[in-house]
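Structural overview
If you want the building blocks of each chain, they are given just below.
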Amino acid sequence: MTNPLSLPPLANPLVVAVAYDQLCTFEFGIATEIFALSRPEMGPNWYRFAVAGLDEGEMRSTGGLRFAVDGGLDLLAEAGTIIIPGWRGIDAPVPQVLIEALQAAQARGARILSFCSGVFVLAAAGLLDGRRATTHWRYTDTLTARFPAIAVTPDVLYVDAGSVLTSAGTAAGLDLCLHLIRRDFGTEAANLVARRLVMPAHRDGGQAQFIRQVVPRTHESGQLGPLLDHMREDLGADHTVAALARRAGMSDRTFLRRFESATGMTPARWLLAQRLGKARDLLEETNASVEEIAALSGFGTTGTLRHHFRLHLSTTPAAYREAFGRQAASRS
């Protein structure tokens, strides 16, 4: 094994997942896969993990698996990060004891994450009032109707509202966890975890959660795959629809339809997401100037780079580097 990363110490590295009867097995598995596994490649400052049981007596998962826990809800008082891995039903009441424990945890500064239907627990506790949040696309209308004080954002993978973070359906919890790792420890740590999971290192939270046709049709996959690589290799080029359609061997109309079916985005939006991702990586991992980053990420000018950072990330390149760059990690 290579030398472990030198991660900055967190103020409170304890992650506590809440377990309950009829536990959502997959969502709980995400929490344990990310935070409970031994990761010697991360060094001594990686997260610690514990499971807090909500219900008295024997608890089972949705598949009938019986399980034991590390303690009760008193563990939430010690946690730096709390995870609600789904919920036993969007119509199932949330016990007052859990509501009060979550409210107390938020009041003392703990971060609280929900996966999928777990957002209904946070909503019942009033933790999302006046904030943006998301959940599985099947539940967004119900969440909006029941909790009008929440700014429900449908069709995104996750929402980071600071101390409260919510993810969409099932596997989007993985994207939210990788986002949290990036936020805590930087891109290199998130990339290592993603590589071990054999999944993309970063999908932006604003990416559509529901894509009607995820994989291009067989006879088109050989055309779109190389085309996406071509666009990534030259992010600064003027990739017009006409030029891209010609390269893919399709009419403009067919190309646009197939591209959006495969990626969930228009070519322009996809290219912008790639440019923003490249710029963020460079700001986090290099000491390149903002002018150099604007050129390398395909924005061309610093004015264009700053405009898109303000519009899409509500910050500036300099402020982003200050918060997430190497010097920020060394100060944490």
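Keep in mind it's a predicted model, so treat the numbers as computed, not measured.

1. Looking at the packing of aromatic side chains
For the structure on display, the rule yields nine aromatic pairs. When the ring of Tyr47 is compared with that of Phe185, the centres are 5.2 Å apart and the planes differ by 65°; the resulting orientation is edge-to-face. With a gap of 138 residues between them, Tyr47 in the loop between α1 (25–35) and β2 (48–53) and Phe185 in helix α5 (residues 172–185) connect regions that are remote in the sequence. In this structure Tyr47 comes out as buried when scored by relative accessible area, which is 6%. Here the aromatic cluster, defined as three or more aromatic residues joined through ring pairs, consists of Phe35, Trp46, Tyr47 and Phe185.

2. A look at the pattern of salt bridges
Throughout the structure, instances matching the rule amount to 10 salt bridges. The partner of Arg182 in a salt bridge is Glu284, and the shortest N-O contact between them spans 3.1 Å. Residue Arg182 is located in helix α5, and its partner Glu284 is located in helix α10 (residues 267–285); the two are separated by 102 residues in the primary sequence. Members of the salt-bridge network, linked through shared partners, are Glu58, Arg60 and Arg66.

3. Quick look at unusual backbone geometry
One non-glycine residue, Gln22, lies in the positive phi region at around 70°. Mapped onto the elements, Gln22 comes out in the loop between β1 (14–19) and α1. Owing to a relative accessible area of 43%, Gln22 belongs among the partly exposed residues under this scheme.

4. A look at the pairing of β1
With six of six residues buried, β1 lies mostly within the body of the structure. What you see with β1 is no split at all: Leu14, Val16 and Val18 on one side and Val15, Ala17 and Ala19 on the other are buried throughout. Pairing of β1 with β2, which is carried by six bridges, proceeds in the parallel orientation. Each residue of the ladder has a partner; that of Ala17, found in β2, is Val51.

5. What about the nonpolar core?
If you look at the biggest cluster of nonpolar residues, it comprises 75 residues, and the most contacted ones within it are Ile34, Tyr47, Leu76, Ile82, Leu98, Leu102 and Ile181. Here this core gets eight residues from one element, more than from any other, and that element is α5. Apart from the residues lying within four places of it in its own chain, the contact partners of Tyr47 are Leu10, Pro13, Val15, Phe35, Arg111, Leu180, Ile181, Asp184 and Phe185.

6. Points about the environment of Arg108
Checked against the element boundaries, Arg108 lands in the loop between α2 (96–107) and β6 (111–115). Spatially, the C-alpha atoms of Arg108 and Thr135 are 25 Å apart, while their sequence positions differ by 27 residues. Apart from residues no more than four positions distant in its own chain, Arg108 is found in contact with Leu76, Ala77, Glu78 and Ala79. Side-chain polar atoms of Arg108 contact the backbone oxygen of Ala79, separated by 2.7 Å.

7. Overview of α2
Quick reminder: α-helices carry 3.6 residues per turn. Residues three or four places apart thus point the same way. A rise of 1.5 Å per residue sets the reference length of α2, with its 12 residues, at 16 Å; its end C-alpha atoms lie 16 Å apart and thus fit the reference within 8%. Turning to α2, its buried residues are Leu98, Ile99, Ala101, Leu102 and Ala105. Projected down its long axis, α2 shows its buried positions confined to an angular sector of 165°, all on one face. Following α2 by one or two positions, Gly109 has its phi on the positive side, about 105°.

Thresholds, definitions, all that
- Residues numbered from 1 in each chain as written.
- Predicted model: local features only at pLDDT ≥ 70, side-chain atom pairs only at ≥ 80, totals over all residues.
- Heavy atoms only, no water.
- Phe/Tyr/Trp six-rings, centres within 6.5 Å; stacked < 30°, edge-to-face > 60°.
- Helix = DSSP H or I, 4+ residues; strand = E, 2+ residues; numbered from the N terminus.
- Buried < 20%, exposed > 50% of the residue type's maximum accessible area, 1.4 Å probe, protein only.
- Salt bridge = Lys/Arg side-chain N within 4 Å of Asp/Glu carboxyl O.
- Pairing = 2+ DSSP bridges.
- Core = buried A, V, L, I, M, F, W, Y, C linked by side-chain atoms within 4.5 Å.
- Contact = heavy atoms within 4.5 Å.
- Polar contact = N/O pair within 3.5 Å; in protein donor to acceptor, adjacent residues only side chain to side chain.
- Expected span 1.5 Å × (residues − 1).
- Arc of directions from axis to C-beta.

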